[in-house]
Amino acid sequence: MNEASRRRARTWIYLDVWKSFLGALIFLHLVLRADASAAPKQCDKSCFSGKCVNGTCVCDHGWDGDQCQHCQGRFKLTDLSGSLTDGPVNYKYKTKCTWLIEGYPNTELRLRFNHFATECSWDHMYVFDGDSVYAPLIAVFSGLVVPETRRNESIPEVMTTSGYALLHFFSDAAYNLTGFNIFYSINSCPNNCSGHGRCSAASSMAGRVYCECEEYWKGEACDIPYCKHNCGSPDHGYCDLTGEKLCVCNDSWQGPDCTLPVPSTEAFWVLPSVKPSAQSLGRASHRALVHSGLMWVVGGYSFNYSNYHMVLNYNLDSSTWDAVAAGGGPPLNRYGHSLALYKDDIYMFGGKLEAGAYNLTDEMWVFNIPGRTWSPRKPAPPPPYAVEGHTAHVVELADGEAVMLVFFGYSPIYSYINKVQEYNIRSNSWQVVTTGGAVVQGGYGHTSVYEEASGCVYVHGGYKALSSNKYGLVDHLYRYHVNKKTWLVLRESGLARYLHSAVLLSGTMLVFGGNTHNDTSLSNGAKCFSADFLAYDIELRRETTVRGKQVSGYTARSGDYG
């Protein structure tokens, strides 16, 4: 082979090698491209309760949203302990979520609300003691439910005894807040003994546990302090360990730990270790009054009426409850009614019945305290307005007639009533009082007190019709002169509320609690009910709040919890 032939042969060899190399490159490129196309596309955001599939979050059962961040379905929980939540962000509008916690039959299951924030009065969590909505409803939560800053309050807990719990959450189409985080456990101690005790097994009940409290702590959850600083012994008092474990103060000292002198300008609370009976639990919009050392509680709304008693009394001396078996054909259960005391009789008027098609009533019933019997009154003419959420007082007019005055209230026919209805006890008749003076607004859920020395009724707060077809809470304060039949508008406190309570003590109207949540868009939070304590001095016409701060230019006083 000559030189030219050798060169041509080498050229063909080089071409074959180059073709092979080029083919390998092309094959490798195709393989890499195929692998790249087969790799899953990543999601732009995290999938909280689901997994990413080709760039999209595929949610686990019961979850919804582009990041699977909202609950929207049903869940079953079978572990002995765990937690449930609406999701890591604010819940969405029109949410409906249900959790069924399955424990062991007839065991205690505790729900601990570590965080709860929903729109007050609109977005609710329902808790049933059982495995369906037909089980007893034992709690409904709405608003802001968190531990308070006051030292004796703890995270709310709910306990079921069936071994099961069904929780259902519903939100409307308006505001959505941060939602909730609820821890549950089976056969655990209440509130983990609040960090002031240890959880022990009960010897008499298999599987049940209880708290053994440290010294100077008591209560089912070891959350009630007692005998702090040893009651200032020996100068101020001593610690009595024989009964309720509390301080017994010397004559010159007072307060839960005997630290306040007698007299004192400071206000304080005392928390008695009273174990209420089952009949005394779970009622709202009831009414109460005191007669001869007994506080009489009548009516009220309850989740469960299977063990309900219309009338209870609480002995202020012995700190005991009694379910009263009243005779005389007792009235139907009701709430939002009024009570007024006259001699040995309690006059109950109006309210909302738990039974019946048209359940707002204008009935008048009289409960005789010595005889413990009910009797209906059928006045002629009948009352002008059937109302709920009103107040009533028995007063004596200038001519000596005893009458019951009914202030305001709500009627489904006439809306919010701004009238004063008068019931004459002697003649058993009703009339509407023609009043003068200032023009007042009627409402629902206000409070009122009667000061006999001045012959005036003071009406505070309530839920009323406002301008532009709006409704809301008010802090109005009115004075009604019984004999002059005139109204006077007094200074407002700046703290609107309804469904609160008020009593008269030594010329001062004391107002406690109530629902203080108005328009959500104007609210500084979502808490429904308040622990505020207001005091209005009738003689000085000033209003203070027992929270240790200035409120709308009013003088403030301080208070403490015992």
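Predicted, not measured: the structure shown is a model, and the values here were computed from it.

S.K.: Before we go on, may I ask you to explain the sheet that holds strand β23 (residues 287-291) in this structure?
M.R.: Remark on secondary structure: sheet strands pair via backbone hydrogen bonds, oriented parallel or antiparallel. In space, the 4 strands of this open sheet follow the order β23-β24-β25-β26, with antiparallel pairing throughout. The sheet terminates laterally at β23 and β26 (320-324), the two strands that pair on one side only. The mean angle between the axes of side-by-side strands here comes to 25°, regardless of whether they run parallel or antiparallel. The sheet contact formed by β23 and strand β24 (residues 294-298) spans 5 bridges and is antiparallel. Across the sheet, the residue bridging to Arg287 is Val298, located in β24.

S.K.: Teacher, can you tell me more about the confidence of the model for the chain here?
M.R.: Overall, the predicted model of the chain reaches an average pLDDT of 85, with 82% of residues at or above 70. Segment residues 148-153 is flagged for pLDDT under 50; beyond a separation of four residues in sequence, or across chains, it makes 12 contacts in the model.

S.K.: It is not clear to me how the state of the cysteines should be interpreted in this structure. Could you clarify?
M.R.: Formally, a disulfide is one covalent bond, and it connects the sulfur atom of one cysteine to the sulfur atom of another. Applying the stated criterion to the full structure yields 11 disulfides. Between the sulfur atoms of Cys120 and its disulfide partner Cys528 the distance amounts to 2.1 Å. Judged by the sign of its S-S torsion, about 135°, the cystine formed by Cys120 and Cys528 is right-handed. In this pair, Cys120 is assigned in the loop between β8 (109-117) and β9 (124-128) and Cys528 in the loop between β45 (508-512) and β46 (533-537), connecting sequence segments 408 residues apart. By relative accessible area, which is 7% here, Cys528 ends up buried. Two residues, Cys231 and Cys247, share a disulfide whose sulfurs are 2.0 Å apart. Residues Cys231 and Cys247 are joined through a disulfide that is left-handed, its torsion about the S-S bond being -85°.

S.K.: Looking at this structure, how should I read the pattern of salt bridges?
M.R.: Should their charged atoms come close, side chains of opposite charge can pair. On inspection of all chains with the given rule, the structure shows 11 salt bridges. Between Asp322 and Arg372 there is a salt bridge; the shortest N-O distance is 3.4 Å. Taken together, the residues span a long stretch of sequence, with Asp322 in strand β26 and Arg372 in the loop between β31 (364-368) and β32 (373-377) at a distance of 50 residues. For Asp322, a relative accessible area of 32% puts it in the partly exposed group. Several salt bridges share partner residues, and in doing so they unite Glu108, Arg110, Arg112 and Glu157 into one network.

S.K.: Looking at this structure, how should I read the side chain of Arg334?
M.R.: Relative to the helices and strands, Arg334 resides in strand β27 (residues 334-335). Within the structure, Arg334 has its side chain in polar contact with the backbone oxygen of Leu332 (distance 3.1 Å). Within the structure, the side chain of Arg334 is placed 2.8 Å from the side chain of Glu363, a separation counted as a polar contact.

S.K.: What am I meant to see in the nonpolar core here?
M.R.: General note: in soluble globular proteins, nonpolar side chains tend to be found buried as a group. Core analysis: the biggest nonpolar cluster contains 30 residues, and Trp99, Ile101, Leu111, Met125 and Leu167 have the highest contact counts within it. Every element with two or more residues in this core is listed here: β5 (74-77), β7 (96-102), β8, β9, β10 (137-141), β12 (164-170) and β13 (179-186).

S.K.: Just to check I follow, could you spell out the packing of aromatic side chains for this structure?
M.R.: The geometry of an aromatic ring pair comes down to the distance between the two centres and the angle between the two planes. Inspection of every chain in the model, using the stated rule, returns 35 aromatic pairs. Ring geometry for Tyr301 against Phe303: centres 6.2 Å apart, planes inclined by 85°, an arrangement best described as edge-to-face.

S.K.: Honestly, unusual backbone geometry in this entry has me stumped. Any pointers?
M.R.: Across the chain, the bulk of peptide bonds are trans and the bulk of non-glycine residues have phi less than zero. The omega torsion across Val262 and Pro263 is -5°, close enough to zero to call that bond cis. Here Pro263 shows up in the loop between β21 (260-261) and β22 (267-268). Cis geometry is adopted by the peptide bond preceding Pro381, which originates at Ala380 and carries an omega value of -5°. Along the chain, Pro381 turns up in the loop between β32 and β33 (391-396). Positive phi values are uncommon outside glycine, yet Asn192 reaches one of about 55°. Relative to the assigned elements, Asn192 resides in the loop between β13 and β14 (197-201). A relative accessible area of 53% means that Asn192 is categorised as exposed.

Parameters at a glance
Residues numbered from 1 in each chain as written. Predicted model: local features only at pLDDT ≥ 70, side-chain atom pairs only at ≥ 80, totals over all residues. Heavy atoms only, no water. Pairing = 2+ DSSP bridges. Helix = DSSP H or I, 4+ residues; strand = E, 2+ residues; numbered from the N terminus. Axes fitted to C-alpha atoms, helices over the stretch in contact; angles between N-to-C directions. pLDDT = per-residue confidence, 0-100. Contact = heavy atoms within 4.5 Å. Disulfide = S-S within 2.5 Å. Buried < 20%, exposed > 50% of the residue type's maximum accessible area, 1.4 Å probe, protein only. Salt bridge = Lys/Arg side-chain N within 4 Å of Asp/Glu carboxyl O. Polar contact = N/O pair within 3.5 Å; in protein donor to acceptor, adjacent residues only side chain to side chain. Core = buried A, V, L, I, M, F, W, Y, C linked by side-chain atoms within 4.5 Å. Phe/Tyr/Trp six-rings, centres within 6.5 Å; stacked < 30°, edge-to-face > 60°.

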